[in-house]
Structure formats: structure tokens, C-alpha cells
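Below, each chain spelled out in residue letters.
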Amino acid sequence: MGHETHVEVRTQAQYEYDKAHSRAHMRKQVVNFAIMIFLTFIAFAAVLADFSPTFIIPIILLLAGIQVVLQLYAFMHLEDRSTHMVGVIEFFIWSAAFIAFTFFVAFTTIIWWGNY
Amino acid sequence: MSSVTQKKGFGAHVWDYLTTVDHKKIAIMYLAAGTLFFAIAGFEALLMRIQLMFPESTFISAGLFNELLTMHGTTMLFLAATPIIFAFMNAIVPLQIGARDVAFPFLNSLGFWLFFIGAVFLHLSFFLGGAPDAGWTSYASLSLYSPGHGIDFYILGLQISGAGTLISGINFIVTIITMRAPGMTFMRMPLFTWTTLVSSSLILFAFPPLTGGLFLMLVDRMFGANFFDHTMGGNTIIWEHLFWIFGHPEVYILVLPAFGLFSEIIPVFARKRLFGYSSMVFATILIGFLGFMVWAHHMFTVGLGATANAIFAVATMAIAVPTGMKVFNWILTIWGGSIKVTVPMLYALGFIPSFVAGGVTGVMQATAPLDYQLHDSYFIVAHFHYVIVGGIVTALFGSAHFYWPIMFNRALNPKLGVLTFWIFFIGFHLTFFVQHFLGLMGMPRRVFTYMGGQGWDLFNFISSIGAIMMGIGVIILVIDVLLSIKSEPVNRRDYWGDGRSLEWAIETPLPFYNFKQTPLVRGFDPYWIEKEEGNKEGMVYAEPLGEIHMPNNSILPFIMSIGTMIAAFGALYSPWGDQVQAGTATGAPAVVSLALIIGGLGLTIACMIIRSFKDDLGFHVTVAEIESIEADLANYRATGKKGGNK
Ligand code: HEM
Ligand SMILES: [Cu+2]
């Protein structure tokens, strides 16, 4: 159970491969980031455009939901299938999301609905 | 490295326990602290039962009764049952999966100290102007208007100890997922490990709502916010939801490990493989999920509407299905086994009918229209004591006997054990069985006295006698524990002779690194398999004897916890508090309050920074050292003498 520090010497081919790999990765990050900014922009625009609240609220919630999923996969590396125990991690996250969703439905329907 | 068997002074011992990160020592601290709070809360219960023994009694006042009631419930659930369960998890789970320690030993220690300091803080309320008095549920409509600092102690104390529980929960999840010995697949894990995993996941999902709720109540009471104050546009019902979103999973957090403990005890003494292992695992996970979908069954009478009540009623009844599966599996494990009725088995046999009784009344309460009748009556008190005492306390007492040899290298006396069991068990049924009828006759719960001549007098008297018997039972158990200190060390593996899982494969007393080589798991019930094949060495091993890497001790968790306590005092005496402004509680000047909050949290954060920036890579035990420690232990087992001047 010792702690050794690995010093790896990479070949030129390996270096090229890694570089291409990181570049593709970077491109994906930027695209995802742009999508997220865009979704946020739509949310703000819907409010600015003065649509009726019954339209704005579900739209914002929907966009928020999409963002959560995107962020989990893009920024929290859930898409990286080689991560150790990624299946277990996914199971936990989706369980949490499911449970949180029931709370959300319950709160909106039995506490807040018709109370404001 | 000195060996475990060297003699140390008293001060060194205290320092050792303050700084330890060893799961076995943390287990002992959890057990000691949990037992202390169990005794305190039990004493509070006895005082209440003496008050209720006769109608219109004046033994204790109404106000004190409310404080005792609140502290009893809060202490029993958060500060007695939870830590004692954590004691067994800490002591047994790493051994069951063949790990050297938990995944984050530092956090393990931090979890314990936060729990303990939070508990001490809560109990200081008795000396600093009065304990909380709004029930363990602390409904906002009551607690926001409770004069004095009692509720503030509840909020801050639970906030601190809750953080500790959450940390420990996460630690167990990671430990069980990542630190299993080679061959220990998920579907080979013993059921206590499984239930620990599911229960820790419930902690992970259930404690954040409580933390959020407590935080809102904290700013409501101490800093002038109005989340729960309907006169200011708040909503008092939100507290009830947040509390029960946490509160119902909390009962499963406690009862699932209890199920797990019995699933370990029963196969050992029925001398038969656990019946329906995979259905047990499935049922555990299903209960964990459904446990989150039923919280509003505590709020049927709040007025959520017929649709909501119906949904939550059906969801609640659905939980009875996986629970029933478990009960049948236990019965079928016992069926046809060659049964040895030892003390742990006696507790298991007592548990099954008691818990079923509690489950049946639970399903009755889940019937929303009927619950309008039962709610807030003594029927509820009877129900939850049947599940908590009949389900959880029996598991803890039974497992204490079961695991004492591993934890302390001593055995508890079986004669005293049987005596405790019968006195406690009969006392328990006397106390709570008649309360069903008190409830049906209309006696409300949480009342400090009642008028005579309503047909309640006899049953209340019987109930109090039962409570005194339970008290006597516990005292005998404590005597048993004290006597065990002076008894002969057991010095062996597999104390009961029929152990099945890994923890029985290791010889006591345990070295601090557990198994000297990581064992290889070749199937479910791995130790049983080895015994069947005539292996006398305990296990086969997955690695040659090599250096062992262990974590260093640290005092930081203790200091971090003290920091949170200092900050809690700052918030408690905040001059902006509702009660302080109304003149019913004392406040400190703003600078003092702020200085305490900032200083306390600063201390905690400073420790975190130190911990993050100072690399602490632990230490290595060399092969020579391991051999010398093992030789010392072997010598101790053979001669009873602690290792000399090595
Ligand atoms: C078969 C499973 C169970 C069912 C169907 C069930 C159902 C219920 C229901 C419907 C109530 C609300 C009664 C009311 O206040 O009107 C209740 C209360 C309670 N239950 Fe259970 N329960 C079950 C298991 C448990 C377990 C395992 C525990 C503890 C380990 C537990 C502890 C409690 C507590 C503490 C209360 C009282 C809460 C309060 O009002 O202060 N229950 N149960
Ligand atoms: Cu419940």
C-alpha cells in the first residue's frame, strides 16, 4: 500500500495523441459553456419580454433542469466512463435528483399552489 | 512505533483518545458517549413516567415536563441511538469488508467530535436557563414563541451534531464502495455492511433538508428573519415539511442497521445461511427509496387535502411490503436451523414479534382517515416505541453481547444477559402495550398530567411500573459491562464458534492495523467457507506480508469542533434574537456576539486550512515491526502478560 510517485516519460506519438485529445476536450468544454450561457440568456429574455408567469416559471424550471444535467456530464465529468465506480456515482446522483424532484413536486402542489 | 500492548499513563491515554483516528477506538468513544446519553434520556423518561403514574400528580411541573419530553426524544434519537449504531458500524464494518480503516480516518474523528460537542452543547441548556421545550419535532408554531434560549440550544446543538452525522455517513459510503477486500463483490457483502451503506446514503440525502430547516429557524429566532412566521408572510408548515422530509428517513437510518445487525446474529445462531440474501438486499434498497416518499404521513391532520393524504397513505403502506419480506426471511432462516439460544439470539427472537407489532400499528396509522383519530394520542407513542425499542434498542443490546468479544476482547456474562433481557423485555411490553388502549380511550400524547376517573388510571400505573422494570434491566446491563472489565480476556477468533463473516476470522485483541494481510474473499460468508474447507489460519490472504500504510493521529478534529461550539455561543447570545428583543432571554453586546461567531468559525476554518496545506502522508509499519507486534500479541494471548520492554 505504498505511495510511489510515477514519473512517466512520454514518446512523441503519445505526446501528439494526448495533445489532440486535450484539444478535442477543450473544444467540448467551450461548446458546453456556450450552450449554458445561451440557456441562461433565454431565461433572462423570457422575464424581460414580460411573458405571463404561468409561461415563464415552467420554462425557467425546464431550462434549469437541462443545465443541471449538462453540467453534471460536461463539467463534473460524469461522461467520463473510465472514472472509477462511475456507475455507482451516477446511481447516487440520479437517486438524489429523483428524491429532490418529489420534494419539489410536493412543495409546489401542496404548499405553494394557490397560496400566493 | 510502540506496540499496542505497551503500558501508558492516564494522560497519554486521554491524549490518545482525543487524537485517535483508529476506527476501533472511535467506535469505543461512540459507544461510551451514546451510552451516557442513553442513560440521561432514560432517566428523563423515568421522571416523566413517575409524574404520569398517578392522576393530577405534582411530582414535576408542566414546564419541566415539556423540557424533559423534548430532551428525551431528541437525545434518544440523535445522541443515543445514532451514536451507538455508529459505534457498531465503526467497530465492525471495516473488519467485515477486510479494510484497514475507514476511507477518511480524519473525518471519522471529526464526525465523532462534532457529534459529541453538539450533544454537550445541547445539554448545557439545563444549566444555562432551561432546556428546549417544543418537542423533538420543534414545530415552528410553538418553537418560535418559546421564551428563553432553550430552542436556540436545540437548533445549534443539532446543527453541530448533525454535521458530524453527515460527515460520518459520507465516510461510510466511500469506505464500503471503495475499500472492500479483493473478492468482496457487492453481492457478497454481509447484510450489516449493506444496511450501513443504505443507511449512510439516507443520511446523505436526509440531513441536508434538516440542516436547511434548522438554518432557517436559526435566522428566524436569532437574527430576526421570518421564514416560518405567518404574521410576516412566512409559512410555518414549511418547517413541518422540512423536518419530516428528514424525520421519516431518520427512522429508517436507525432501523435499517438494526435489521442488518439481526441479519448477522440470526444466521450465526440458527447455524444456517441467511435465507433470501438477494431479496434482503433488494428490500433494504427499496425501503431506503420509499422512505423518502412518505414523510407527509406525519402531517395527515395538517390539512394537505384528500389527494395528498391518499398518495402518502398508499406510499406508506407500500413500505410494509419490503419490510414484510425481511421478516419472512428471518423466520425462514431460523426455520430448520439448529438453533442456539444465546443472549443475542434471545434479543433477535424477542425483536421479531415486537417489531411486527410496531409495523402493524404503523400501517393502521397510515390509513389517513383512521389517523385523524389516532394522531397525537398515546397510540402514536405506543407505535413508535414498539419500532424503536422493539426494533432498535433490542438490536443494540443484542449486538453489544454479540460483538463485545471483538470490541473489547472480553465477553459479557450470559446469565446477567438473560436476566437483563427478560426484565427489560417484559418491562417494555408492560410500558407500551397498554398505551395503545390509552390512546384509543382518548389520552393525548405530550401531556404532563390527566384527570382521574376517566378509566386511564390503571393503565398509566401499569405503564410506569413497566418503565421502572426497563430501568432495572438497563442497570443490570451496566453492571454486566463493568464486571466484564475484570473478567478473563477471550483471546481468540470466532468467539461464538459459528461466525460466518470476516470479522470473526481475526484473533482478538486486534492489532491497530486489523488483518496483517488483506484477506481474499471467496464467496458469501467467507469465513464460513474457509472453516468448511478446514482452514485453521482464519483466511487465505490476497497479498504477501508487506509494509502497512496507516494514518497519523490528529488533534485538529477536536479543535475544529470546539470552534463550532464557540461560534454557537455567539449566535445563541445574539442581541438581534426575537426572545432577546422581547426581553425573555439574555443577549450579549453585538461585538461580543460577533467576535464569538467569527472567532469560533475562524478557529475551525484555520484548522481546515492547516489540514489542507500541511501534507500528512501517514506512516508505514515495516514488516519487522508487524512481526514484532504479532509476536507480542501472541505472547499476550498465551501468557496474559502485556508485552515487555520491547
Ligand atoms: C412499517 C413501517 C412504519 C409505518 C407504516 C409507520 C407509520 C407511521 C405513521 C403513519 C406515523 C404518524 C402518526 C401520527 O403522528 O399521526 C408514525 C409516527 C412515528 N413513527 Fe412510524 N412507521 C413505521 C416505522 C417506523 C420506524 C421503523 C420508526 C423508528 C425507528 C418509526 C418512528 C416513528 C416516530 C418517532 C413517530 C412519531 C413522530 C411524532 O409524531 O413525533 N416508525 N409512523
Ligand atoms: Cu414516518
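Residues numbered from 1 in each chain as written. Chains lettered and ligands numbered in written order. Predicted model: local features only at pLDDT ≥ 70, side-chain atom pairs only at ≥ 80, totals over all residues. Heavy atoms only, no water.

Naming follows an unreviewed UniProt entry, where chain B appears as Cytochrome ubiquinol oxidase subunit I of Solibacillus merdavium. Database annotation for chain B, UniProt heading Sequence similarities (unreviewed entry): "Belongs to the heme-copper respiratory oxidase family." Turning to chain B, the UniProt record has this under Subcellular location (unreviewed entry): "Membrane". (UniProt positions renumbered as here; feature names shortened; annotations may be inferred.)

In the annotation of an unreviewed UniProt entry, the entry for chain A reads Cytochrome C oxidase subunit IV family protein, and the organism field reads Solibacillus merdavium.

Peer 1: Would you take a moment to explain the coordination of the copper ion (ligand 2) for this structure?
Peer 2: Four donors placed tetrahedrally around a metal ideally meet at 109.5 degrees, and six donors placed octahedrally ideally meet at 90 or 180 degrees. All names here are of chain B. Bound to the copper ion (ligand 2) on the protein side are His248 (ND1), His297 (NE2) and His298 (NE2), at distances that span 1.8 to 2.0 Å. Mapping the donors of the copper ion (ligand 2) onto the primary sequence yields the spacing H-x48-H-H. Separating the copper ion (ligand 2) from the iron atom of ligand 1 is a distance of 4.5 Å. Owing to a relative accessible area of 22%, histidine 298 belongs among the partly exposed residues under this scheme. (Donors = N, O, S within 2.8 Å, 3.2 Å for Na, K, Ca; no water. Buried < 20%, exposed > 50% of the residue type's maximum accessible area, 1.4 Å probe, protein only.)

Peer 1: Teacher, can you tell me more about the coordination of the iron atom of ligand 1 here?
Peer 2: Protein coordination of the iron atom of ligand 1 is limited to a single donor, His383 of chain B (NE2), which sits 2.4 Å from the metal. Inspection of the secondary structure puts histidine 383 of chain B in helix α13 (residues 378–408). (Helix = DSSP H or I, 4+ residues; strand = E, 2+ residues; numbered from the N terminus.)

Peer 1: Whenever I open this one, empty space enclosed by the protein confuses me. Can you help?
Peer 2: Residues and elements named next belong to chain B. Tallied over the entire structure, the rule returns 5 cavities of 30 Å³ or more. What the largest cavity holds in volume is close to 100 Å³. The wall of the largest cavity is formed by 15 residues, among which Ser263, Glu264, Pro267, Phe524 and Asp525 lie closest to the centre. Of all the secondary-structure elements, those providing two or more residues to the lining of the largest cavity are α8 (236–270) and α13. By residue number, the principal contributor to the lining of the largest cavity is α8, which donates 4 residues. (1 Å grid on protein atoms, 1.4 Å probe; cavity = no way out; pocket = protein on both sides within 12 Å on 5 of 7 lines; lining within 4 Å. Points joined across faces, edges and corners; volume = space filled by probe spheres on them.)

Peer 1: Quick question: what am I supposed to make of a nonpolar patch on the surface here?
Peer 2: There is a patch of nonpolar side chains on the surface, built from Phe54, Val418, Trp422, Ile426, Leu430, Phe461, Ile465, Ile468 and Ile472 of chain B and spanning about 720 Å² of accessible area. Relative to the helices and strands, isoleucine 465 of chain B is located in helix α15 (residues 457–485). (Patch = residues over 30% accessible without salt bridge, like charges linked within 9 Å, V, L, I, M, F, W, Y side chains within 5 Å. Areas by Shrake-Rupley, 256 points an atom, 1.4 Å probe, with all protein chains shown as cover. Salt bridge = Lys/Arg side-chain N within 4 Å of Asp/Glu carboxyl O.)

Peer 1: How should the site of ligand 1 be read in this particular structure?
Peer 2: All names here are of chain B. Near ligand 1 you find 24 residues, and of these Val251, Asp371, His375, His383 and Arg445 are the closest. Between ligand 1 and glutamine 365 there is a distance of 3.5 Å, counted from a nitrogen atom to a side-chain nitrogen or oxygen. Histidine 383 places a side-chain nitrogen or oxygen 3.0 Å from a nitrogen atom of ligand 1. Breaking the shell around ligand 1 down by element, the ones donating at least two residues are α8, α11 (343–366) and α13. (Near = heavy atom within 4 Å. Polar contact = N/O pair within 3.5 Å; in protein donor to acceptor, adjacent residues only side chain to side chain.)

Peer 1: Hey, could you run me through the nonpolar core in this one?
Peer 2: Residue and element names in this part refer to chain B. Core analysis: the biggest nonpolar cluster contains 181 residues, and Phe88 and Trp295 have the highest contact counts within it. It is α8 that contributes the most residues to this core, 20 residues altogether. Other than its neighbours up to four places away in sequence, phenylalanine 88 contacts Val93, Phe192, Leu261, Leu396, Ser399, Ala400, Tyr403 and Met407. Counting 12 residues, the second largest nonpolar core, distinct from the first, contains Leu47, Leu52, Leu68 and Leu438. (Core = buried A, V, L, I, M, F, W, Y, C linked by side-chain atoms within 4.5 Å. Contact = heavy atoms within 4.5 Å.)

Peer 1: Just to check I follow, could you spell out the pattern of salt bridges for this structure?
Peer 2: A side chain with one charge can pair with a side chain of the opposite charge if their charged atoms come near. All names here are of chain B. Counted according to the given criterion, the structure contains 14 salt bridges over all chains. The residue aspartate 22 makes a salt bridge to lysine 24 at a minimum N-O spacing of 3.3 Å. Residues aspartate 22 and lysine 24 agree in their burial class; the two are buried. Ionic pairing is found between aspartate 616 and arginine 611, a salt bridge with its closest N-O pair at 3.6 Å. Each member of the salt-bridge network shares a partner with another, and the members are Arg271, Lys340 and Asp498.

Peer 1: Can you help me understand the environment of methionine 325 of chain B in this one?
Peer 2: All names here are of chain B. Position of methionine 325 relative to the elements: it lies in helix α10 (residues 306–334). Look at methionine 325 and you get partly exposed, because its relative accessible area is 27%. Remark: the alpha-carbon pair of methionine 325 and glycine 276, spanning 49 residues in sequence, is separated by 9.1 Å. Ignoring sequence-local partners within four residues, the contact set of methionine 325 consists of Ser279, Phe282 and Ala283.

Peer 1: Any chance you could explain unusual backbone geometry here in plain terms?
Peer 2: Residues apart from glycine generally show negative phi values, whereas peptide bonds are mostly found in trans. Residue and element names in this part refer to chain B. Cis geometry is adopted by the peptide bond preceding proline 509, which originates at threonine 508 and carries an omega value of -10°. Residue position: proline 509 is located in the loop between α15 and α16 (526–532). At serine 138, a position not held by glycine, the phi torsion is positive, near 45°. On the secondary structure map, serine 138 appears in the loop between α4 (105–124) and α5 (140–143). Positive phi values are uncommon outside glycine, yet aspartate 376 reaches one of about 55°.

Peer 1: Any chance you could explain the packing of aromatic side chains here in plain terms?
Peer 2: Each aromatic ring pair is summarised here by two numbers: the centre-to-centre distance and the angle between the ring planes. Residues and elements named next belong to chain B. All told, the structure shown has 67 aromatic pairs over all chains when counted by the stated rule. Note on tyrosine 30 and phenylalanine 112: the rings are 5.0 Å apart at their centroids and 90° apart in plane angle, and the pair reads as edge-to-face. Here tyrosine 30, found in helix α2 (residues 23–52), pairs with phenylalanine 112, found in helix α4; they are 82 residues apart in sequence, far enough to count as distant. Accessibility classification places tyrosine 30 together with phenylalanine 112 in one group, the buried group. Taken together, the aromatic side chains of Phe38, Tyr347, Tyr386, Phe397, Phe421, Trp422, Phe424, Phe425, Phe428 and Phe432 make up a single cluster linked through ring pairs. Over the ring of phenylalanine 186 we find arginine 180; its NZ or CZ atom is 4.0 Å from the centre of that ring. (Phe/Tyr/Trp six-rings, centres within 6.5 Å; stacked < 30°, edge-to-face > 60°. Lys NZ or Arg CZ within 6 Å of the ring centre and 35° of its normal.)

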